[in-house]
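# Overview (structure and organization)
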Amino acid sequence: MIRTLFRSRSRKIYDFHGGIHPPERKDLSNGTAIAAGPLPSQLILPLNMHIGAPAKPLVEPGERVLKGQMIAEPSGAVSAAIHAPTSGTVSAIGPRAIQHPSGMDAICIVIDTDGKDEWIERAGVADYTELSPGELVDTIRHAGIAGMGGAGFPTSIKVNLGDHQRVEELVINAVECEPYITADDRLMRERAAEIIAGIHILQYLLNPRRTLIGIEDNKPDAISAIKRACKGCDIEVRVVPTKYPSGGEKQLIQLLTGKEVKSGQLPAQVGVVCQNVGTAYAIKRAVIDGEPLLSRVTTLTGEGVRQPGNFEVLLGTPIRDLLVHGGVDPDNIGRLVMGGPMMGFTLHNPAVPVVKTTNCIIAATLEELPEPPPEQPCIRCGSCADVCPANLLPQQLYWHAKNDDLEKAQHHNLMDCIECGACAYVCPSHIPLVQYYRYAKAEVRQQAADQVKADKARQRFEARQARIDAEKAEKEARRQARLEANRKKKTETASAPTVDTAALKQASLEASKAYKAAVKAAKAAEADNADNLDALKADVDRLKAIADKAKAAVRDAKEAGPAAAPAEDIVGKLKKQVGDASSAYKTAVKAAKDAEANGDDNAAELRAKADELKAAADKLKAELRDAKANAPATPATAPQVDPVADLKKQVGDVSSAYKAAVKAAKEAEENGADNAAELRSQADELKAKADQLKADLRDAKANAPATPAPAPAAAPADPLADLKKKVGEVSSAYKAAVKAAKEADENGADNAAELCAEADRLKAEADHWKAELREAKASAPAPAAPKTPPAPTDTPKAPETEAPQALTAVDPEVAAKRQKRLKALKTAYNMAHKQYKEAHAALERGERNGDIPAEELNAMQQKVDKLKGKADVARDALDALVEEAKADIRAHTGKDLKTLKLEAARAESALADKQRELEQQRDSASEDTLEALSSELQALEAEAQIARKALKQAVEEQGLQD
Amino acid sequence: MTAVLIAVAALLALAAVFGAVLGFASEKFKVEGDPIVDQIDSLLPQTQCGQCGHPGCRPYAEAIAEGEEHNRCPPGGQDTVDALTDLLGRDELTLDDEGAEDADIPKVAYIREDECIGCTKCIQACPVDAIVGAAKLMHTVIVDECTGCDLCVEPCPVDCIDMVEVQPTLQTWGWNRPAGIGQRPDSRIEVVNL
């Protein structure tokens, strides 16, 4: 009795809330047996026929595949394999339209079938119990089985639950509640035994306490077939009343077990696993027959189909082929639906393929599935809430979804909606409720994805910010450390005056002189109505700025260094007086000149005044000289640094003055100004000065300590380098000046003499600074170094024996040889010189320290002498070779190196001038003129190139680049 | 009179005790940072684009907390403005996007790699380190990390960076919102009894 009670209780069919009874229309297609589908010429297999990660293709286009061959393997945990449904050739792997309501493309493997239907070797297992559950799961995974009911969740995941989860009930879903669809019905009627075999495999895998098959009572034939097939085994067949959507997973579980799967839960969490009957069939085929999932039973139905029925369709078969196979004109369908009419979607493109989840294709007439009527306002009738199988409030969800109030929609459990369409079916206002929910769900998912992305971006931003801050802090710390070090250094050298006021004054004076010269040139040009007045004036302005700067520097220095020795002050004062006097004199001279030019009467008077001023200036100069001579020697530490720096500065000033002069001269020449000769002489002067500076620099370098100097003496290294640079600048400027002067000469310009004079003045200045530099060098202390530096014992043999041979013609071989020799000689000389210097320094140290015995000192002295001799010999050899090379160039080209250089420079400057002219006239001149100019320009360019090339060749040939 | 004094004394004693407790609690359970800034920051889209005039979303969140208007985030769109209005209880504002129609259309940077000269300028400009590459080597954008902030476009000396609209994929595609009352919803399948 109790047993019967229990039994009847356990067999009880529960109910779920809501549900509808739409017209079933199953009799359209359930009357005929499952027929074979078409064998289309092309199969399209999307890589993502299932839920989860797309499969990874294993084949290449052009590869021949056999039926059942795996063509894409599962990638990741939630994925399923894909197999070739028939034999053929892979023709493409690329985007094709797929079964998706968006109508978007996805990557598919396209197989051109060959009609042979050639199988790959199959390995079925008659007794699956021989396999372990793990092996079985693997078999299912590699057979590509995914939920056949419609969702397409990979079955291997669902049957592999792990040990901690006890399965109470295995529910086989054979309800097939949607209208039209009869695929499972026919499958059960015809292949019940195979389905039961599949269920046994599932039982073996999941070991459930009970196994329930739920079938709707509108399929009596299927019920009896299944009941017959499972006679004698522990599978219970439960007949459920026809109601949509009984086939929903959660609804069926509730119907059969009374268990409610809560919001957000999975069925497995209440101890239930639900599998579709079609999946069970596929599992049987995969495990026992060794046939992977290659085809499925699909219902082709609808009023538009001549012979509706079920077909075993190869996966990847285009819907179009299936329609043609079923006697439908694919281009004349009222409405083509994939899936059932409740949850399916309208297909707009019949080229999409049948996939693992395609259970039904409806080719309906427009009377059958008409155009939906327009949406009307909600009348709040509440019918939707009555039919909702998920116990939701569709009306509320509708309002919130419509107003984009996603938060409230979620509060009303939007995400639990199963999109069954029952609410839309009953809605008297024809509101597409499901679409609203789908839209809202998509928005919610999008927002969640955005939030995840935003969090990631925030993390990355913060990490980057932290990194940048750390880098900044590190930099700042380094900067502070450097600053600290500098401050320390400064305090150490604070005793030495940092600025030589006198030198600054001198610089200022030079600058103002240059400025005045330029003013004069400008004036002269003005008097001659020269064209380049503007350029000259610009020069004047520039020089004035330099002079002002120099003056400002002097002022600053005076303010900063009140502690300077009084003697220096006197000198400075005198210097200033001299400067003032000389400038007064110059102004007077200028005035006199102007007056003379204008033919004024007072010219003679002005001249006399100028003479007077000159005498005064001379006197002051003499005084200054005396004062300088009498001035106490500055502390030894000072000149170490300052003269070099001063020299540098002077060189800079001189070079800038020289450049200005050169420019002025050039322009004057071009304009045929009278003062070209004068300017040229100035340039000459500058050149001489530059030469001297160069010589100075060389000396300074020679005397520079070979070993690293202690902190206070460290400075000269840089000034020396700078000095060298300056000398380079000055010399190049000088060369240009020489060129200008030469040109002026050739043109018979009058200002050549003036140029010469200016150059002389600059030379004198350079001499002065040279002397100072020498002094500084002499007073620089010998560098501290290890007590007994290892004196070089064997010096490389200077290759002076390789006597240079006179060359009459340039033979490339000879030239190459000479180049090599030149290089060798240079290296030898450098080495010899270095050794000599080292030895010399060691000797000096020894002498100063006095802690080395006399004999040793003598030996060292001898060594130094020897090394010096060697270095000298090497130097001589090198010089001889260079001379030879130069002579060779002359012999070869008929010109000497200097001429070549000059030619090249002249061509360049002519080119530049022409370019400027063209630029100026571009706007104003006529087209013909422009053309002529541009052709001239081209010719000049060619010339310049030739000159440049000749020079380069000559230099390179002889290895004289440096 | 004594009763009054006792009452006053009692109240004073209570005040002192509670004051001490509150003072201790305020020190002990002190909240570091400004939680409202975190809340604002979590509503901002984190594109770090600087269109609000601040160097990143967090600085803007801080500025909003200090009273700046909360409608200056074009990538967030009106939704963000509304969310901030709700959070802060301020007056409703409309988005101040200076007429930029497409400000809240998601975009990502795309480097035309053939034209990239490898100057690393865009790498330095990217606020979320979403560009990889090295000097003199081609750069490329990590699309998943790109916030579409636009900041890399301007520094590129060869103009090889485009802002490309993010195309929906099958994973990100979602159903459209129905056209509304009076329209035929084409996605609905009308099942009728014949």
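These numbers were taken from a predicted model, which means no experiment stands behind them. (Residues numbered from 1 in each chain as written. Chains lettered and ligands numbered in written order. Predicted model: local features only at pLDDT ≥ 70, side-chain atom pairs only at ≥ 80, totals over all residues. Heavy atoms only, no water.)

## Regarding a negative patch on the surface
As a reminder of what qualifies: In this analysis, a patch consists of residues with relative accessible area above 30% that form no salt bridge, clustered at 9 Å for like charges and at 5 Å for the nonpolar side chains Val, Leu, Ile, Met, Phe, Trp and Tyr. Computed with the Shrake-Rupley method and a 1.4 Å probe, the accessible areas treat only the protein chains shown as cover for residues. Salt bridge, as applied in this entry: a Lys or Arg side-chain nitrogen positioned within 4 Å of an Asp or Glu carboxyl oxygen. Working convention for charge: Lys and Arg count positive, Asp and Glu count negative, and His plus the chain ends are omitted. Every charge is mapped onto a representative atom, which is NZ of Lys, CZ of Arg, CG of Asp or CD of Glu. Counting from the N terminus, the helices are DSSP H or I runs at least four residues long and the strands are E runs at least two residues long. Note on exposure labels: buried denotes an accessible area under 20% of the residue type's maximum, exposed denotes more than 50%, and partly exposed covers the range between, all computed with a 1.4 Å probe on protein chains only.
A cluster of acidic side chains, namely A:E407, B:D79, B:D82, B:D86, B:D91 and B:E92, defines a negative patch on the protein surface. The greatest single-element share of the negative patch, amounting to three residues, is contributed by helix α4 (residues 77-88) of chain B. Looking at the secondary structure, you find B:D79 in helix α4. Judged by its relative accessible area of 58%, B:D79 falls in the exposed class.

## Concerning the interface of chain A and chain B
Heads up, the condition is: Only heavy atoms enter the contact rule, under which two residues are in contact if any of them lie within 4.5 Å. Defined in terms of a 1.4 Å probe, buried area is the accessible area two parts forfeit on being brought together, summed over both. Pairing of N or O atoms within 3.5 Å defines a polar contact, subject to two protein rules: one partner must be a possible hydrogen donor and the other a possible acceptor, and residues neighboring in sequence count only if both atoms are side-chain atoms. Side-chain classes are defined by residue name, with Ala, Val, Leu, Ile, Met, Phe, Trp, Tyr, Cys and Pro counting as nonpolar, Asp, Glu, Lys and Arg as charged, and the others, Gly among them, as polar.
At the junction of the two partners, chain A supplies 54 residues and chain B supplies 48 residues. Of the roughly 4,400 Å² buried at the junction of chain A and chain B (both faces included), carbon and sulfur atoms supply 56%. The interface formed by chain A and chain B holds six salt bridges in total. Linking chain A with chain B are 16 residue pairs in polar contact (both at pLDDT 80 or more), by the criterion used here. Listing elements by their share of the side of chain A that touches chain B, those giving two or more residues are β8 (105-113), β15 (335-338), β16 (345-346), α10 (394-402), α12 (422-426) and α13 (433-492) of chain A. If you tally residues by element for the side of chain A that touches chain B, the top one is α13(A), at 17 residues. Considering only residue class, the side of chain A that touches chain B consists of 26 nonpolar, 10 polar and 18 charged.

## Describing the environment of A:D112
Residues and elements named next belong to chain A. Looking at the secondary structure, you find D112 in strand β8. With a relative accessible area of 30%, D112 lands in the partly exposed category. For the pair D112 and S41, spaced 71 residues apart in the sequence, the C-alpha separation amounts to 5.9 Å. Residues within four places of D112 in sequence aside, it is in contact with S41, Q42, G88, T89 and S91. A distance of 3.0 Å separates a polar atom in the side chain of D112 from a polar atom in the side chain of Q42.

## Regarding the sheet that holds strand β9 (residues 169-174) of chain A
All names here are of chain A. Using the following cut-off: Here, a strand pair is defined by DSSP locating no fewer than two bridges between the strands. Here an angle of 0 to 180 degrees is reported between the N-to-C directions of two axes, which are lines fitted to C-alpha atoms, with helices fitted over the stretch in contact.
Pairing is parallel across the open sheet formed by four strands, whose spatial order is β11-β10-β9-β12. Of all the strands in the sheet, the pair left with one neighbour each is β11 (235-240) and β12 (272-276). Mean inter-strand twist for the sheet, computed between neighbouring axes without regard to direction, equals 25°. The strands touched by helix α4 (residues 183-206) are β9, β10 (210-216), β11 and β12; relative to β9, the strand with the most contacts, the crossing angle is about 160°.

## Structural notes on the pairing of strand β5 (residues 70-73) of chain A
Sheet faces and side chains relate simply in a regular strand, where the side chains alternate between the two faces. Residue and element names in this part refer to chain A. Here strand β3 (residues 56-57) runs beside β5; their pairing, made up of two bridges, is antiparallel. The partner of K56 across the bridge, within β5, is E73. With two bridges joining them, β5 and strand β6 (residues 82-83) adopt antiparallel strand pairing. Opposite A72, over in β6, you have I82 as the bridge partner.

## Notes on α10(A)
All names here are of chain A. For α10, the tally of buried residues reaches seven of nine residues, placing the bulk of the element in the interior. For α10, the complete set of buried residues consists of P394, Q395, L397, Y398, H400, A401 and K402. Positioned one or two residues after α10, D404 has a phi angle of 60°, which is positive.

## A look at the packing of aromatic side chains
Any pair of aromatic rings gets described here by the distance separating the centres and the angle formed by the planes. Residues and elements named next belong to chain A. What counts here: Any Phe, Tyr or Trp ring, taking Trp's six-membered ring, that has another such ring centre within 6.5 Å forms a pair; planes under 30 degrees apart are called stacked, those over 60 apart edge-to-face, and the others tilted. Either the NZ atom of lysine or the CZ atom of arginine qualifies as a charge over a ring when it sits within 6 Å of the ring centre and within 35 degrees of the ring normal.
A full pass over the atoms with the stated rule returns four aromatic pairs over all chains. Between Y398 and W399 the ring centres are 5.1 Å apart and the planes differ by 50°, which places this aromatic pair in the tilted class. Between Y398 and Y436, the ring centres sit 5.0 Å apart and the planes meet at 80°, which makes this aromatic pair edge-to-face. Remark: Y436 occurs in helix α13 and Y398 occurs in helix α10; sequence separation between them is 38 residues. In terms of burial, Y398 and Y436 fall into one category: buried. One aromatic cluster in this structure is built from Y398, W399 and Y436. The ring of W119 has R122 sitting right over it, with the charged end atom 4.0 Å from the ring centre. The residue whose ring lies beneath K243 is F16, and the NZ or CZ to ring-centre distance is 4.3 Å.

## Regarding the state of the cysteines
Residues and elements named next belong to chain B. Our working rule: Working definition: a disulfide is two cysteine sulfur atoms within 2.5 Å of each other.
Applying the stated criterion across every chain yields a total of zero disulfides over all chains. Free of any disulfide, C119 has its nearest cysteine sulfur in C156, 5.8 Å distant. For C119, a relative accessible area of 26% corresponds to the partly exposed category.

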